[in-house]
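So you can see what is in the structure, the chains are spelled out below.
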Amino acid sequence: QVQLVESGGGAVRPGESLKLSCIVPESIFKAYGLGWYQQRSDNHRRWIATITQGGITNVLNTLEGRFTISRDIAKNTVYLQMNNLNPDDTDVYFCNTVPFNSNYWGQGTQVTVSA
């Protein structure tokens, strides 16, 4: 299995922001579209954002306007900017290819939003 490394999570208050990062092995970064996912409490992984190899982005419509996906090609890193966070955003966030590939994994990064 190939590991991706997520970071940037934390505990914040409603209305605050976080920027998550995911370092991706170069071979994967160059070959696939990449995305962010939420683990969800019921263990049903939810896709939330994609950035294609060509740089086209797509965000889950209910999160659009608050969440933005981007990348730094020189650093093989994908980002998720999350603004105006609310308690419903509390979850473990992790990155992977799009579509999801179970051969690639990361430990995820915990985001907790509470007053």
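In this report, the structure presented in the accompanying data block is examined. (Residues numbered from 1 in each chain as written. Predicted model: local features only at pLDDT ≥ 70, side-chain atom pairs only at ≥ 80, totals over all residues. Heavy atoms only, no water.)

## Here's the deal with the state of the cysteines
Per the stated rule, a full pass over the model turns up one disulfide. Each sulfur of the disulfide joining C22 and C95 lies 1.7 Å from the other. One end of the pair, C22, is in strand β4 (residues 18-23); the other, C95, is in strand β10 (residues 91-98), with 73 residues separating them in the sequence. You'll find C22 and C95 in the same group, each marked buried. (Disulfide = S-S within 2.5 Å. Helix = DSSP H or I, 4+ residues; strand = E, 2+ residues; numbered from the N terminus. Buried < 20%, exposed > 50% of the residue type's maximum accessible area, 1.4 Å probe, protein only.)

## Side note on the sheet that holds strand β8 (residues 67-72)
Sheet strands line up and pair through hydrogen bonds in the backbone, either parallel or antiparallel. Spatially, the four strands line up as an open sheet ordered β2-β4-β9-β8, and their pairing is antiparallel. Looking along the sheet, the strands with just one partner apiece sit at the ends: β2 (5-7) and β8. Recorded for the sheet is a direction-independent mean angle of 15° between the axes of neighbouring strands. In terms of strand pairing, β4 meets strand β9 (residues 77-82) through six bridges, oriented antiparallel. By the bridge assignment for β9, C22 is matched with V78. (Pairing = 2+ DSSP bridges. Axes fitted to C-alpha atoms, helices over the stretch in contact; angles between N-to-C directions.)

## Here we look at unusual backbone geometry
The omega angle of the peptide bond from V98 to P99 is 0°, so this bond is cis rather than trans. The residue P99 is located in the loop between β10 and β11 (104-105) in this model.

## As for the sheet that holds strand β3 (residues 10-12)
With mixed pairing, six strands are arranged side by side in an open sheet as β3-β12-β10-β5-β6-β7. Only two strands of the sheet have a single neighbouring strand rather than two, namely β3 and β7 (57-59). On average, each strand axis in the sheet is inclined to that of its neighbour by 25°, with strand direction left out of account. As paired strands, β10 and strand β12 (residues 109-113) are joined by three bridges and run antiparallel to one another. Residue D91 lies in a different strand from β12, and its bridge partner there is V111.

## A closer look at the pattern of salt bridges
Between side chains of opposite charge, pairing is possible as soon as their charged atoms come close. Throughout the structure, instances matching the rule amount to three salt bridges. Two residues, E26 and K30, come together in a salt bridge whose shortest N-O distance is 2.7 Å. Here the residue E26 and the residue K30 both occupy positions in helix α1 (residues 26-31), the gap between them amounting to four residues, near one helical turn. In this structure, the salt-bridge partner of R66 is D89, at a minimum N-O distance of 2.8 Å. Taken together, the residues R66 in the loop between β7 and β8 and D89 in the loop between β9 and β10 connect sequence positions 23 residues apart. The pair R66 / D89 is uniform in exposure class, with both members buried. (Salt bridge = Lys/Arg side-chain N within 4 Å of Asp/Glu carboxyl O.)

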